[in-house]
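# Chains, contacts and geometry: an overview
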Amino acid sequence: MLKLQQKTTQTMLALHGWGAVIFGLLLYWVILTGTIAVFADDINDWASPLPAAIPETFPLGTDAMLRKAAADVAPEYLDELIVFATAGGRIRAFFHTHAEAEDGEHPEEKGVLFVFDPASGDILQRFEGTQSEIEAQSHYGKLGHFLVEWHVQLHVPSPWGLMLTGILGLSLLVACVSGFAMHRHLVKDAFLRRRRGGDVLSHKDAHVMASTWNLPFAFILAFTGSFYSLAGAFAIPAIAMVAFGGDQEKLIETVQGLPPAEDPRPAEMANIDAMLEDVRAAGHRTRFLTVDHWGRQDARISVFPWQAEGELLPKGYAFDAQTGENLGEKPALGQSPSLGSDLVALMGPLHFGNFAGWLSKTVWFALGFAGAYVCISGLTLWVKRREQQKTWQYLLRATLWSAWGLPLALVAAAAAYLLQQAGVLAGAVEPLMFKAFGLCLALSGILAGIVRRVTGVRRILVISLGLGLCALVALRLLLGGPGWVSAATSGLTAVVVLDVALLLGGAWLLRREWRQTLALPEEPLIDTGDMEVNTP
Amino acid sequence: MAGTRTEKIWRFVLAGPLVLLATLIIMAGSSLWLPEGQAQVNNFVIPVVLLPAIWAVLFFYSVLDRLGRASVVIFILTAVHAALIAQHLLQAQQ
């Protein structure tokens with residue numbers, strides 16, 4: 001229990017409340033989309049599965065696929081190669097160079113993207129152009145990417161989107177610290193839940209209990225999230241300007257090491273399958289790999305695996321491109337281990353919860369979900385305390401719109417993805433997802449504004465979301481996606497698990513709404529100040 | 001956060017944009033006095049990692065301490081780091 005002066009407590013209360021009123025809704029968007037994005041890879045596997053699961057992300061034969069692709073690109077695109085897995089375990093290889101963009105200032109990657117079926121080694125897709133042109137055409141992995149972009153920068157162009165989410169992260173940090181300071185009885189608050197209908201006290205108990213349990217996690221997410229956003233938006237450019245006098249090459253040399261002397265003479269590349277096997281033998285699963293100067297004497301190969309069981313920090317391996325010799329582990333930053341490099345490496349697992357597979361991701365999802373609930377319950381509590389002031393009813397309507405309208409719009413975007421992939425909707429997938437998302441959000445916003453009673457707004461949106469979640473599963477099956485028996489026997493775990501999760505989520509929402517409808521009095525309040533919203 | 005209207009406005013400006021600016025300058029300036037470490041990355045990586053912490057400390061200090069004292073302390077911290085940056089950039093140009 002913290003003993004604060006009355007004035008300090010008042011200041012903390014003002015920071016907590018007004019910070020939430022100003023940033024709460026956008027913060028909810030960022031937290032909710034981030035929570036769902038914990039499973040972005042699994043969502044991609046669910047939306048675009050291969051006929052059968054791929055036992056190894058980069059199976060034997062990866063080397064042959066890359067050699068086939070390397071023989072099919074212009075020599076300048078052999079400058080750099082990045083290979084990683086995408087939806088369903090497909091392999092995505094981007095041979096590219098850094099071309100100058102039309103504005104003459106910003107370099108843009110230009111090259112050829114190949115998408116391989118890892119089981120057969122066949123090229124499924126081939127796109128050539130600048131990275132933005134390629135991204136506009138490809139669709140594998142776009143559903144997860146759509147979610148991640150909402151979380152990372154709210155689809156606002158860089159650096160403004162990153163600055164915005166960075167400031168939202170800092171506001172969450174303030175909410176955590178001020179909330180902790182205001183807790184008078186931390187242990188008691190974690191268990192106290194007085195159920196007295198829809199009064200202020202029960203709203204407060206629900207908010208305080210959820211936030212107390214969620215406090216350490218929210219603090220970690222706020223810290224790591226604002227680090228990621230602000231580092232990319234302005235901290236790294238600023239520090240590069242000061243510490244290296246604006247010399248980007250010097251910065252890259254310090255972080256990545258001196259590149260080998262230029263030697264464009266052709267050279268046979270060592271077998272990449274053997275390198276991947278070497279990484280597997282060390283207990284790691286490859287996440288992605290990079291190759292500089294493919295087919296030249298000065299080629300470099302790096303393999304970056306997921307953390308092995310019991311490991312927290314990710315690592316990387318360097319290989320000799322000609323002999324295939326394992327040159328050892330690469331620190332995340334710099335040429336030798338350091339505190340700074342370990343701190344940066346620690347930010348990833350702490351933020352993404354990806355250090356123990358499904359288990360840690362499920363915990364991160366649950367805690368993230370609790371964080372989203374805390375945002376909405378806090379805003380509802382704020383309005384509940386100002387029940388007599390009709391102006392605040394607009395905030396309640398906006399809160400309900402965000403709470404239920406955002407997930408509903410995400411369901412609409414996922415439906416658009418499935419329809420485009422099945423060929424029902426024509427055109428690039430991202431604009432289609434945006435249209436579906438925007439249309440659904442606009443409709444739910446209009447609804448939140450015109451339905452007379454606040455309870456009615458919530459009821460319509462919750463029922464729509466419940467039905468939408470169930471309909472998404474039906475749509476996937478109707479469009480020719482694998483059935484449950486076929487998915488289960490083919491090892492497509494993500495398909496089965498996510499289908500069940502969507503159906504359970506939808507059914508739970510419908511049941512919850514049905515029970516709340518039964519519990520309501522027959523003639524509830526009819527003015528716009530009716531606040532019989534028990535929970536958001 | 002009681003006080004006159006002017007004090008409230010100044011507190012808002014100090015805790016908002018000025019603290020953000022101070023954070024940026026202190027973070028960048030710290031890279032000039034923090035030890036590099038064997039890998040020569042600690043001096044510029046650690047301030048970036050600690051950016052949210054630097055901001056949080058300055059922010060809460062700016063809203064909780066006496067306005068005058070908070071303004072002076074934050075100004076001095078910022079000015080010292082700005083001077084370090086200016087000196088470093090001038091030396092680099094010569």
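Residues numbered from 1 in each chain as written. Chains lettered and ligands numbered in written order. Predicted model: local features only at pLDDT ≥ 70, side-chain atom pairs only at ≥ 80, totals over all residues. Heavy atoms only, no water.

## Looking at the overall build of chain B
The following threshold applies: By definition, any uninterrupted DSSP run of H or I lasting at least four residues is a helix, any uninterrupted run of E lasting at least two residues is a strand, and each is numbered from the N terminus. Only protein chains enter the calculation, and the probe is 1.4 Å; a residue is then buried if its accessible area is under 20% of its type maximum, exposed if over 50%, and partly exposed in between. We call two residues in contact whenever any of their non-hydrogen atoms come within 4.5 Å of each other. Surface accessibility follows the Shrake-Rupley procedure with a 1.4 Å probe radius. Residue values consider only the protein chains on display as shielding.
Per the secondary structure count, chain B includes four helices and zero strands. Along chain B, from the amino end to the carboxyl end, the secondary structure elements read α-α-α-α. Dimensions of chain B, computed from C-alpha atoms along their principal axes, come out at roughly 50 × 30 × 15 Å. Out of the 94 residues in chain B, the part that is buried amounts to 44%. For chain B, the proportion of contacts with a sequence separation of at least 24, taken over those separated by at least 6, is 68%. Accessible area for chain B stands at about 5,100 Å²; split by element, carbon and sulfur atoms hold 69% of it.

## Quick look at the interface of chain A and chain B
Test applied: Take the accessible area each of two parts loses on contact, using a 1.4 Å probe, and add the two losses: that sum is the buried area. In the sections that follow, a salt bridge refers to a side-chain nitrogen of Lys or Arg positioned within 4 Å of a carboxyl oxygen of Asp or Glu. Within 3.5 Å is the distance limit for a polar contact, defined as a pair of N or O atoms, with the added protein rule that one can donate a hydrogen and the other accept it, and that residues adjacent in sequence qualify only through two side-chain atoms. In this classification, the charged set is Asp, Glu, Lys and Arg, the nonpolar set is Ala, Val, Leu, Ile, Met, Phe, Trp, Tyr, Cys and Pro, and all remaining amino acids, among them Gly, are polar.
Counting residues at the interface gives 39 residues for chain A and 31 residues for chain B. Here chain A and chain B share an interface that buries about 2,800 Å² over both sides, 86% of which is from carbon and sulfur atoms. Our count for the contact surface shared by chain A and chain B stands at zero salt bridges. There are two residue pairs in polar contact (both at pLDDT 80 or more) connecting chain A and chain B. Every element with two or more residues in the side of chain A that touches chain B is listed here: helix 1 (6-37), helix 6 (160-182), helix 8 (200-243), helix 9 (248-256) and helix 11 (339-352) of chain A. In terms of residue count, the dominant contributor to the side of chain A that touches chain B is helix 8 of chain A (13 residues). Class assignment of the residues belonging to the side of chain A that touches chain B gives a composition of 28 nonpolar, 10 polar and one charged.

## Topic: the packing of helix 5 (residues 142-153) of chain A against helix 14 (residues 429-450) of chain A
Residue and element names in this part refer to chain A. Note the threshold: To get an axis, a line is fitted to the C-alpha atoms, and for a helix only the part in contact is used. The angle between two axes follows their N-to-C directions and goes from 0 to 180 degrees. Oblique is the label for any angle not covered by the other classes, which are roughly parallel (under 35 degrees), roughly antiparallel (over 145) and roughly perpendicular (65 to 115). Should the near helix be turned anticlockwise from the far one by less than a right angle, the crossing is left-handed, and should it be turned clockwise, the crossing is right-handed.
It is at 10 Å that the axes of helix 5 and helix 14 come closest, and there the two elements cross at 55°. When the interaxial angle is binned, helix 5 and helix 14 end up oblique. Crossing geometry of helix 5 relative to helix 14 is assigned as right-handed. Along its contact with helix 5, which presents Lys142, Leu143, His145, Phe146 and Trp150, the element helix 14 presents Val429, Glu430, Met433, Phe434 and Phe437. The residue inventory of the contact of helix 5 with helix 14, partitioned by class, reads seven nonpolar, one polar and two charged.

## Section: the pattern of salt bridges
Residue and element names in this part refer to chain A. In this structure the tally under the stated criterion is 18 salt bridges over all chains. The closest approach of N and O atoms between Arg126 and Asp72, which form a salt bridge, is 2.9 Å. Taken as a pair, Arg126 in strand 4 (residues 123-130) and Asp72 in the loop between helix 3 (62-70) and strand 1 (80-85) lie far apart in primary sequence, 54 residues in all. Take Asp72: its relative accessible area is 37%, and that puts it in the partly exposed class. Notably, a salt bridge pairs Lys142 with Glu135, separated by 2.6 Å at the nearest N-O pair. On the basis of relative accessible area, Glu135 is assigned to the partly exposed category, the value being 21%. Beyond isolated ion pairs, a larger network of salt bridges with shared partners links Glu56, Glu277 and Arg280.

## What about the pairing of strand 3 (residues 107-116) of chain A?
All names here are of chain A. What counts here: Any two strands with at least two DSSP bridges between them are considered paired.
Where strand 3 meets strand 4, seven bridges bridge the pair, whose relative direction is antiparallel. Looking at the pairing, Lys110 lines up with Thr130 of strand 4. Linking two consecutive strands that pair antiparallel, namely strand 3 and strand 4, is a turn of six residues; a positive phi of about 80° is found at Gly121 within it.

## Looking at the side chain of A:Gln153
Residue and element names in this part refer to chain A. Position of Gln153 among the secondary structure elements: in helix 5. Using a relative accessible area of 11% as the deciding quantity, one classes Gln153 as buried. Leaving out residues up to four positions away in the same chain, Gln153 has contacts with Ser158, Gly161, Leu162 and Thr165.

## A short note on the nonpolar core
What counts here: By nonpolar core is meant a set of buried Ala, Val, Leu, Ile, Met, Phe, Trp, Tyr and Cys residues that side-chain atoms within 4.5 Å join together.
Ranked by size, the top nonpolar core spans 119 residues in total, and within it A:Tyr28, A:Phe437, B:Met27, B:Phe44 and B:Phe59 carry the most contacts. Counting 31 residues, the second largest nonpolar core, distinct from the first, contains A:Phe58, A:Ala70, A:Val73 and A:Val303.

## Re the confidence of the model for chain B
Applicable threshold: Here pLDDT means the predictor's own confidence in every residue, given as a number from 0 to 100.
Per-residue confidence for chain B gives a mean pLDDT of 93, with 98% of residues at or over 70. The lowest-confidence element of chain B is helix 2 (residues 42-49) of chain B, averaging 93 in pLDDT; the highest-confidence one is helix 3 (residues 51-64) of chain B, averaging 96.

## As for helix 10 (residues 272-281) of chain A
Residue and element names in this part refer to chain A. Going by this rule: Working note: the arc is built from the helix axis to C-beta atom directions.
Of all the positions in helix 10, only Ile272, Asp273, Met275, Leu276 and Val279 are classed as buried. In a view along the axis of helix 10, the buried residues occupy a sector of 160°, so they form one face of it. The opening residue of helix 10 is Asn271, an N-cap whose side-chain oxygen sits 2.7 Å from the backbone nitrogen of Asp273. Where helix 10 ends, the next residue or the one after it, Gly283, has phi of about 90°, a positive value.

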